[in-house]
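Here is how the chains run, residue by residue.
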Amino acid sequence: MARPRTFDEAQVLRAVRDQFWNKGYAATSMDDLMKVTGLGKGSLYGAFGDKHQLFLRIFDMYCVNSVESVRQALEGPDAGALERLRRYLLGAATASAGPSRRGCLLARGTAELSGQGATDVTDRALAALQGVEEHFARCLEQAWHHGDVAAGADPRKLAAMLLAVFRGLEALGRAGMDEAALRGMVETALEGLPVSPRRRR
């Protein structure tokens, strides 16, 4: 009969996530994971598998939560959709220039493991980015229906462009670009959207 777990799984996974996020995948050892979780190697292996399986577990959680946070931020009526998108992207610019600058776990994990042929990581990352792009596109479609985006515009192509801006904010923020510059990029991208003549008045 299996022994019941005597630890808080959610707390353990948060500690593991922060370890990988702060130190990176390769630089994190099983000893590091044992230290931050307070669990022995046998308990970790028994509950979560090896280091890579444990990383995939927290990477999956991070990807799902990231896409869900975008959905929640952009959800709402057609009226105001463009403003919700603007607020979200400006918030991302501010966060990217924050003092921690540890970046996005999705981007860091993908950059580190893609060169090692870890398709299980890159597949998950691509699916998450496509999820974010889908929510951008839906928000732009709402703005299109409301008449804030020009009738001939393609919301899906615009969403792909904004995804590139969104992902670029983190890289530039980690490189040291300040908040004003990052927010200026977002404003410039949004000003370039094909808006309806009604909105220009």
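Residues numbered from 1 in each chain as written. Predicted model: local features only at pLDDT ≥ 70, side-chain atom pairs only at ≥ 80, totals over all residues. Heavy atoms only, no water.

Asker: Sorry, what's going on with the packing of helix α6 (residues 105-114) against helix α7 (residues 119-146) here?
Answerer: Relative orientation and spacing of two packed helices are given, respectively, by the angle between their axes and the distance between those axes. Axis separation between α6 and α7 bottoms out at 9 Å; the angle between their running directions is 145°. Like other packed secondary-structure pairs, α6 and α7 cross with a definite hand, here left-handed. Touching Leu106, Gly109, Thr110, Leu113 and Ser114 of α6 are Val121, Thr122, Ala125, Ala128 and Leu129, all from α7. A class-by-class count of the residues in the contact of α6 with α7 yields six nonpolar, four polar and no charged. (Axes fitted to C-alpha atoms, helices over the stretch in contact; angles between N-to-C directions. Helix = DSSP H or I, 4+ residues; strand = E, 2+ residues; numbered from the N terminus. Left-handed = near helix turned anticlockwise from the far one by under 90°. Contact = heavy atoms within 4.5 Å. Nonpolar A, V, L, I, M, F, W, Y, C, P; charged D, E, K, R; others polar.)

Asker: Any chance you could explain the nonpolar core here in plain terms?
Answerer: For soluble globular proteins, the rule of thumb is that nonpolar side chains tend to be buried together. Ranked by size, the top nonpolar core spans 59 residues in total, and within it Leu89 and Phe136 carry the most contacts. Top contributing element to this core by residue count: helix α4 (residues 51-74), with ten residues. (Core = buried A, V, L, I, M, F, W, Y, C linked by side-chain atoms within 4.5 Å. Buried < 20%, exposed > 50% of the residue type's maximum accessible area, 1.4 Å probe, protein only.)

Asker: How do you make sense of the packing of aromatic side chains when you look at a structure like this?
Answerer: Two aromatic rings are characterised by how far apart their centres lie and by the angle between their planes. Following the criterion strictly, the structure yields eight aromatic pairs and no others. Ring centres of Phe20 and Tyr25 lie 5.8 Å apart, and the angle between their planes is 15°; on these two criteria the pair is classed as stacked. What makes Phe20 buried here is its relative accessible area of 2%. Judged by relative accessible area, Tyr25 falls into the buried class, the value being 12%. Between Phe20 and Phe55 the ring centres are 5.1 Å apart and the planes differ by 85°, which places this aromatic pair in the edge-to-face class. Taken together, the residues Phe20 in helix α1 (residues 9-23) and Phe55 in helix α4 connect sequence positions 35 residues apart. For Phe55, a relative accessible area of 1% puts it in the buried group. Geometry around Tyr25 places Lys51 over its ring, the cationic atom sitting 4.3 Å from the centre. (Phe/Tyr/Trp six-rings, centres within 6.5 Å; stacked < 30°, edge-to-face > 60°. Lys NZ or Arg CZ within 6 Å of the ring centre and 35° of its normal.)

Asker: Whenever I open this one, the packing of helix α5 (residues 81-96) against helix α9 (residues 179-191) confuses me. Can you help?
Answerer: Closest axis-to-axis distance for the α5/α9 pair is 8 Å, and the angle between their directions is 155°. By the angle between their axes, α5 is roughly antiparallel relative to α9. As α5 runs across α9, the sense of the crossing is right-handed. Only Glu179, Leu182, Arg183, Val186, Glu187 and Leu190 of α9 make contact with α5, whose side of the interface consists of Arg86, Leu89, Leu90, Ala93, Thr94 and Ser96. Residue composition of the contact of α5 with α9, by class: six nonpolar, two polar and four charged. (Parallel < 35°, antiparallel > 145°, perpendicular 65-115°, else oblique.)

Asker: Looking at this model, I keep getting lost on the environment of Gln116. Mind explaining?
Answerer: Inspection of the secondary structure puts Gln116 in the loop between α6 and α7. Reaching out from Gln116, the side chain makes a polar contact with the backbone oxygen of Glu112 at a distance of 3.5 Å. (Polar contact = N/O pair within 3.5 Å; in protein donor to acceptor, adjacent residues only side chain to side chain.)

Asker: Hey, could you run me through the layout of surface pockets in this one?
Answerer: Picture a little ball the size of a water molecule; that probe, rolled over the atoms, points out where space is still empty. If you add up the space inside the largest pocket, you get close to 470 Å³. Secondary-structure elements contributing two or more residues to the lining of the largest pocket are α4, α5, α7 and α8 (155-174). When its residues are assigned to classes, the lining of the largest pocket shows 14 nonpolar, five polar and five charged. (1 Å grid on protein atoms, 1.4 Å probe; cavity = no way out; pocket = protein on both sides within 12 Å on 5 of 7 lines; lining within 4 Å. Points joined across faces, edges and corners; volume = space filled by probe spheres on them.)

Asker: Looking at this structure, I do not really get α4. What am I missing?
Answerer: Structural remark: α-helix, 3.6 residues per turn; residues separated by three or four positions point the same way. Helix length check: α4, at 24 residues, gives a terminal C-alpha distance of 35 Å against a target of 34 Å (1.5 Å per residue), a fit within 8%. Those residues of α4 not exposed but buried are Lys51, Leu54, Phe55, Leu56, Ile58, Phe59, Tyr62, Cys63, Ser66, Val67, Val70 and Leu74. Where α4 is buried, its residues contact α1, α2 (30-37), α3 (41-48), α5, α6 and α7. Capping the start of α4, Asp50 holds a side-chain oxygen 3.2 Å from the backbone nitrogen of His52, two or three residues further along. (Expected span 1.5 Å × (residues − 1).)

None of this, on its own, says anything about what the molecule does.
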